[in-house]
Amino acid sequence: MTNQSQSHDQEQAKQPAQMDVGPEKKFRQYLSEGSFHLQRCDQCRQHVFYPRLLCPHCGSMQLTWVPASGRATVYSTSVPRSGGSSYNIALVDLEEGPRMMTRVVDVAPEDVTIGMPVTAFIGTIEPNGEPLVLFRPISGDDS
Amino acid sequence: MNHSLRGSCAVAGIGLTDFGDLPGRSALENTAEAVHSALTDAGIHKSEVDALFTSNFPDTFAALHLAEYLGVQPHVLDDTNIGGAVYVSQLQHAAAAIQAGLCNVAVIAMGSNTRSKLKQQGIIDGPRELFPYEDEYRPKAPMNAYALAAARHMHQYGTTREHLAEIAVAARAWAQLNPRAIRRTPLSIAEVMAAPMVCDPLSAMDCCLIADAGAAVVLVSADRARDLPQSPVYLLGVGVATTHAGISQMPDLTVTASVESGKRAYDMAGLSAREVDVVSLYDAFTINTLLFLEDLGFCPKGEGGNFVSDGNIAPGGGLPVNTNGGGLSCVHPGMYGLMLIIEAVEQLRHAAGERQIPGAEIALCNGNGGHLSSQATAIFGTSSSL
Ligand SMILES: [Zn+2]
């Protein structure tokens, strides 16, 4: 009994160091550090978003994290409304290839247009909210 | 043309509850009433039910609960959830199981008390987990996905809100011919255009209603069906397809997986869109009807707006679509797909009353699930189509 419980304690103590950080957690870690990272497949060289253990294109498990350029184009846009308030929900095509859902902010939600060039930043959509990848239109200065 | 499932099975019975507000009823009670009604219609006792297909948002043990409730011990159980397309996809599972000799009498059933639950508890039934990397932006599910598809179609093809309004108005005109339909007051393009926006570019009138209802169908072998009281409605083709779960992963927002599910169903049936007499498309939102008309070959891609104009899919138009009034005006109980099958069967039995399409021999149903995520297409025919 004693031996068993000792070894059990040791296993538990070792666990955190051995914990495998999956792509989901890794992506969130990058976000909390203020950076937006994508994966790129070592095999077929395509970029992958959202983060996965295997490449959805070729099936390879060899994916490498790379910083995203942040440059994207609006693919579609919408304005959800409730109780007098409204905001933007868009799909953007990242320069690297993948598409993602986001909000385009710093512009009236109705003024977001398909084809609009946008750039990523890490922000939140509510006070003390989790960090998210948001986009804003590229101004004259940025481009 | 010679696929072994073509014409191997037939719908022998259909059952429905009342539609709308059934505040004293549970979802399971609505399901059970519809099953009883479908078995009565088929002239089959429940002791013969050896395959049970159902699906339900809040209930993860739906098939077990329904089997126990009915007092049956099926050999084949299936409560897959791929969204509202599921019941059309279960025709594929049921027909294959009957053909393989695994079962003889398959019941596909659903029941919902979505509307009452919303009124009484403020809860809207839906999947518990939606889509990773989307939910955190708080899209207005589920209409947000459809709004994004509509916006893209408008951008690429010049489709307008008026085109979408035509679809809502056509559904209402059919509903006016269906005594069971919930929304039967006249509706004009101007009224749809003036409705409050819920998720631009969709307004409240572009969205389906929310209702309590139960529905069931009984599927048996074609041989068995010929000995039963109702005219058999034969399953000629069925196909299932998916392209994504979350809308951000849909390859092209203007092209749904019904291109593929439709092709599979047409190939099995040996038929094309030209031969279809009456069409049932899962219209949770007006844009669905437009996308599926294009993807199933009733008009070229991008021309859906023109196709639905001038009442072309309304009573008296060129193609009868959603003759029951659809999810927009007849009924939408959480997941609507089974209602598509029931309308096809009523039309092919020539029992659809005022809304009957004279001489209908071939009917097509297209179920949609999730956020345009899954598509299931079925083609039915009368005995003349065999
Ligand atoms: Zn790859």
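What counts as what
- Along each chain, residue indices are assigned from 1 in the same order as the chain's sequence is written.
- Here every chain gets a letter starting at A, and every ligand a number starting at 1, in the order they are written.
- With the structure being a predicted model, the display of local features is reserved for residues of pLDDT at least 70 and the display and counting of side-chain atom pairs for 80 or more, all residues being used for whole-chain, interface and lining totals.
- Excluding hydrogens and water, the side-chain figures rest on all heavy atoms present in the structure.
- Should a side-chain nitrogen of Lys or Arg be within 4 Å of a carboxyl oxygen of Asp or Glu, the pair is scored as a salt bridge.
- Note on conventions: DSSP H or I runs of at least 4 residues are helices, E runs of at least 2 residues are strands, and numbering of each starts at the N terminus.
- Exposure categories follow from relative accessible area, calculated using a 1.4 Å probe and restricted to protein chains: below 20% of the type maximum is buried, above 50% is exposed, and the middle band is partly exposed.
- Whether two residues are in contact is decided by their heavy atoms: any pair within 4.5 Å suffices.
- Polar contacts, as used here, are pairs of N or O atoms within 3.5 Å; protein pairs need one atom able to donate a hydrogen and one able to accept it. Residues neighboring in sequence count only if both atoms are side-chain atoms.
- Each residue gets one label: Ala, Val, Leu, Ile, Met, Phe, Trp, Tyr, Cys and Pro are nonpolar, Asp, Glu, Lys and Arg are charged, and the others, such as Gly, are polar.
- For two strands to pair, DSSP has to find at least two bridges joining them.
- Excluding water, the donors of a metal are its N, O and S neighbours within 2.8 Å, or within 3.2 Å for Na, K and Ca, and that exclusion means sites may look incomplete.
- Think of it this way: with four donors and all angles in the 85 to 135 degree range, the site is tetrahedral; with four or six donors, opposite ones beyond 155 degrees and the rest between 65 and 115, it is square planar or octahedral; otherwise it is irregular.
- You can read pLDDT as the predictor saying how much it trusts each residue, on a scale of 0 to 100.
- In these notes, a set of buried Ala, Val, Leu, Ile, Met, Phe, Trp, Tyr and Cys residues joined through side-chain atoms within 4.5 Å is what counts as a nonpolar core.
- Two aromatic rings from Phe, Tyr or Trp, using only the six-membered ring of Trp, form a pair when their centres are within 6.5 Å; if the ring planes differ by under 30 degrees the pair is stacked, by over 60 it is edge-to-face, and anything between is tilted.
- Two conditions define a charge sitting above a ring: the NZ of Lys or the CZ of Arg must be within 6 Å of the ring centre, and it must be within 35 degrees of the ring normal.
- In a helix, the anticipated span is given by 1.5 Å times the number of residues less one.

A. Main features of the pattern of salt bridges. All names here are of chain B. Within the structure shown, the criterion is met by 21 salt bridges over all chains. Where Arg180 meets Glu346, a salt bridge forms, and the shortest distance between an N and an O atom there is 2.7 Å. Of this pair, Arg180 sits in the loop between α6 (161–175) and α7 (189–194) while Glu346 sits in helix α13 (residues 337–348), and the two are 166 residues apart along the sequence. Classification of Glu346 as buried rests on a relative accessible area of 13%. One salt bridge in this structure joins Lys301 and Asp295, with 2.7 Å as the shortest N-O distance. Each of Arg180, Glu343, Glu346 and Arg355 takes part in a single network of salt bridges with overlapping partners.

B. Main features of the interface of chain B and chain A. Counting from both sides, the interface comprises 25 residues of chain B and, opposite them, 31 residues of chain A. In this assembly, chain B and chain A are joined by three salt bridges. The salt bridge partner of B:Asp200 is A:Arg81, with a shortest N-O separation of 2.7 Å. Our count for the contact surface shared by chain B and chain A stands at 16 residue pairs in polar contact (both at pLDDT 80 or more). Of all the elements in the fold, those that place two or more residues in the side of chain B that touches chain A are α5 (143–157) and β5 (197–200) of chain B. Partitioned by chemical class, the residues of the side of chain B that touches chain A number 14 nonpolar, four polar and seven charged. As paired elements, strand β4 (residues 71–82) of chain A and β5(B) share two bridges and run antiparallel to each other. Paired with A:Pro80 across the strands is B:Cys199, a residue of β5(B).

C. Up close: the coordination of the zinc ion. Residues and elements named next belong to chain A. Those donors, Cys41 (SG), Cys44 (SG), Cys55 (SG) and Cys58 (SG), are the protein atoms that reach the zinc ion, and they lie 2.3 to 2.4 Å from it. Around the zinc ion sit four donor atoms; with metal-centred angles ranging over 101 to 116°, the donor geometry is tetrahedral. Residue class for Cys44 comes out partly exposed when judged on its relative accessible area of 26%. According to the relative accessible area criterion, Cys58 is partly exposed, its value standing at 39%.

D. Here's a closer look at unusual backbone geometry. With omega at 5°, the peptide bond leading from A:Phe49 into A:Tyr50 counts as cis. Position of A:Tyr50 relative to the elements: it lies in the loop between β2 (47–48) and β3 (63–67). Phi at B:Arg138 takes a positive value of approximately 60°, unusual for a residue other than glycine. With respect to the helices and strands, B:Arg138 occurs in the loop between α4 (114–121) and α5. Accessibility expressed as a relative area gives 42% for B:Arg138, which makes it partly exposed.

E. Expanded view of the confidence of the model for chain A. On average, residues of chain A carry a pLDDT of 89, and 85% of them reach 70 or more. In this model residues 1–5 of chain A is a low-confidence stretch, pLDDT under 50, and it forms zero contacts with partners more than four residues away in sequence or in other chains.

F. Representation of the nonpolar core in the model. Counting residues in hydrophobic clusters, the biggest one holds 159 residues, and the most contacted among them are A:Phe36, A:Phe135, B:Leu91, B:Phe298 and B:Phe380. If we ignore the near neighbours within four places in the chain, the residues touching B:Leu91 are B:Ile108, B:Leu219, B:Leu235, B:Val238, B:Ile341, B:Ala378 and B:Phe380.

G. Spatial organisation of the packing of aromatic side chains. In the structure shown here, the tally under the stated rule is nine aromatic pairs over all chains. Ring centres 5.4 Å apart and planes at 55° place the aromatic pair A:Tyr30 and A:Trp65 in the tilted group. Of the two residues, A:Tyr30 sits in helix α2 (residues 23–32) while A:Trp65 sits in strand β3, which places them 35 residues apart along the sequence. Overall, A:Tyr30 belongs to the buried group, its relative accessible area being 15%. With a relative accessible area of 21%, A:Trp65 lands in the partly exposed category. Arranged with centres 5.3 Å apart and planes meeting at 70°, the rings of B:Tyr282 and B:Tyr336 form a pair that is edge-to-face. Of this pair, B:Tyr282 sits in the loop between β9 (278–281) and α10 (286–295) while B:Tyr336 sits in the loop between α12 (326–330) and α13, placing them 54 residues apart in sequence. Its relative accessible area of 1% is what places B:Tyr336 among the buried residues. Taking the ring centre of A:Tyr50 as reference, the NZ or CZ of A:Arg52 above it sits at 4.1 Å. Sitting over the ring of A:Phe121, A:Arg136 keeps its end group 3.9 Å from the ring centre.

H. Summary view of helix α3 (residues 86–99) of chain B. Residue and element names in this part refer to chain B. Here α3 spans 20 Å end to end across 14 residues, near enough to the 20 Å set by a 1.5 Å rise per residue. Here α3 lies mainly inside the structure; ten of its 14 residues are buried. Looking only at α3, the buried set comprises Val86, Tyr87, Val88, Ser89, Gln90, Leu91, Ala94, Ala95, Ala97 and Ile98. Positive backbone phi, approximately 80°, marks Gly101, located one or two places after α3.

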